[in-house]
Amino acid sequence: MSDLLRPRASLRTAVVWEVLKDALERRVKAAGRDALDVLDTGGGSGNFAVPVARLGHRVTVVDPSPNALFALERRAAEAGVADRISGVQGDAHGLFQVVERSGYDAVLCHGVLEYVDDPAEGLRNVADALRPAGTLSLLAAGLGGAVLARALAGHFTEARHALTDPSGRWGQGDPVPRRFTADQLIELVTATGLKVGAVHGVRVFADLVPGVLVDTEPGAMDALLKLEAAAAEQPAFHSVATQLHVLAERD
Ligand SMILES: C[S@@+](CC[C@H](N)C(=O)[O-])C[C@H]1O[C@@H](n2cnc3c(N)ncnc32)[C@H](O)[C@@H]1O
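Counting of residues starts from 1 at the beginning of each chain's written sequence and follows it residue by residue. Predicted model: local features are reported for residues with pLDDT of at least 70 only, side-chain atom pairs are reported and counted for 80 or more only, and whole-chain, interface and lining totals are derived from all residues. Side-chain calculation: all heavy atoms of the structure are included, whereas hydrogens and water are not.

> Give a description of the packing of aromatic side chains that names residues and reports values.
Pairing of aromatic rings covers Phe, Tyr and Trp, the last through its six-membered ring, and needs centres within 6.5 Å; plane angles under 30 degrees mean stacked, over 60 mean edge-to-face, and all others mean tilted. Following the criterion strictly, the structure yields one aromatic pair and no others. Whether a charge lies above a ring is judged from NZ of Lys or CZ of Arg, which has to be within 6 Å of the ring centre and within 35 degrees of the ring normal. Sitting over the ring of Phe96, Arg101 keeps its end group 4.2 Å from the ring centre. For Arg150, the ring lying beneath its charged end belongs to Trp170, and the centroid distance is 4.1 Å.

Written out as structure tokens, the structure is:
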């Protein structure tokens, strides 16, 4: 079973996966080709790359971590898509040292902008990898979700720190270097010249709900997935989402 299809993992990824799958379907129709060229920048061990390849697309994963690329190779083989996935060591800043500029129908940048040295420059490269009319799928950590999670765990000072810190970090021990508001992500994407199509809030409730409620109540997982899908569409929930997803298009 692919990780995206495991019940617990699907709580974290369902919204993004559904939006991405629809966007790829639209691109297939518009391009008039069944198989798209997809680039996954910072794709790691293939959480999204493997399921995208299972849809029949050719996926190139660029990641600086040799360990992640090794795990990607193993997962791709296990999923029977090794012939459609290639892993390349590289990073968002030196992207065109390893992949072609304007060479991809869709580019994924999931959970990466938090870690790059310069988000504006990194995202500009990601956008420049797109062909005309290509689709960007951007996923990044949301500021509000972190503030809420720290506060609900009783870490009020850390919650206030994240709220006022320019990078949205809750303190020295915070493993995430940077978080974003929806407005900041929209501004970064717009500055690359891409047109923002949709913004979704991801994991609005999933990280806050005690696991026992979801695992033991019959039908609770399904109901929570439906609630997440409904809330993702509502701008009011962007400000409390753990992650934000932006779909954008190149002219
Ligand atoms: C949180 S993981 C996300 C992995 C995958 N995109 C996913 O959604 O499951 C962050 C990934 O970004 C990669 N990364 C870190 N710095 C990067 C950079 N400057 N350029 C590209 N990828 C980077 C890491 O090696 C890691 O695989």
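Now, onward.
> Can you break down the layout of surface pockets residue by residue, with the values?
Lining residues are defined by having an atom within 4 Å of a point belonging to a cavity or pocket. Those points lie on a 1 Å grid over the protein atoms alone, cavities being sets where a 1.4 Å probe fits but cannot get out and pockets being open sets with protein on both sides within 12 Å along at least five of seven lines. Grid points are joined across faces, edges and corners, and a volume is the space filled by probe spheres set on the points. A volume near 610 Å³ is recorded for the largest pocket. Lining the largest pocket are 31 residues, with Gly42, Asn47, His110, Gly111 and Val112 positioned closest to its centre. Secondary structure is summarised from DSSP: a helix means a run of H or I of at least four residues, a strand means a run of E of at least two, and numbering begins at the N terminus for each. If one sorts the elements of the lining of the largest pocket by residue count, helix 1 (residues 7-31) sits on top with four residues. All amino acids are sorted into three groups, where Ala, Val, Leu, Ile, Met, Phe, Trp, Tyr, Cys and Pro are nonpolar, Asp, Glu, Lys and Arg are charged, and the leftover types, Gly among them, are polar. The class makeup of the residues in the lining of the largest pocket is 11 nonpolar, 13 polar and seven charged.

> Break down the domain arrangement of the chain for me, citing the residues and quoting the values.
A common way to express how large an interface is: the accessible area buried when the components associate. Where each domain begins and ends follows an automated or database-derived domain assignment. Along its sequence, the chain is carved into domain 1 (3-142 + 180-249) and domain 2 (143-178). The distance between the C-alpha centroids of domain 1 and domain 2 comes to 24 Å. Here, two residues are considered to be in contact whenever any of their heavy atoms come within 4.5 Å of each other. Listed as interface residues are 15 residues of domain 1 and, on the opposing side, 11 residues of domain 2. Taking both sides of the interface into account, the surface hidden between domain 1 and domain 2 amounts to around 950 Å²; carbon and sulfur atoms contribute 61%. We define a salt bridge as a side-chain nitrogen of Lys or Arg found within 4 Å of a carboxyl oxygen belonging to Asp or Glu. Between the two partners, domain 1 and domain 2, sit zero salt bridges. Note on terms: buried area is the combined drop in 1.4 Å-probe accessible area of two parts once they are placed together, counting the loss on both.

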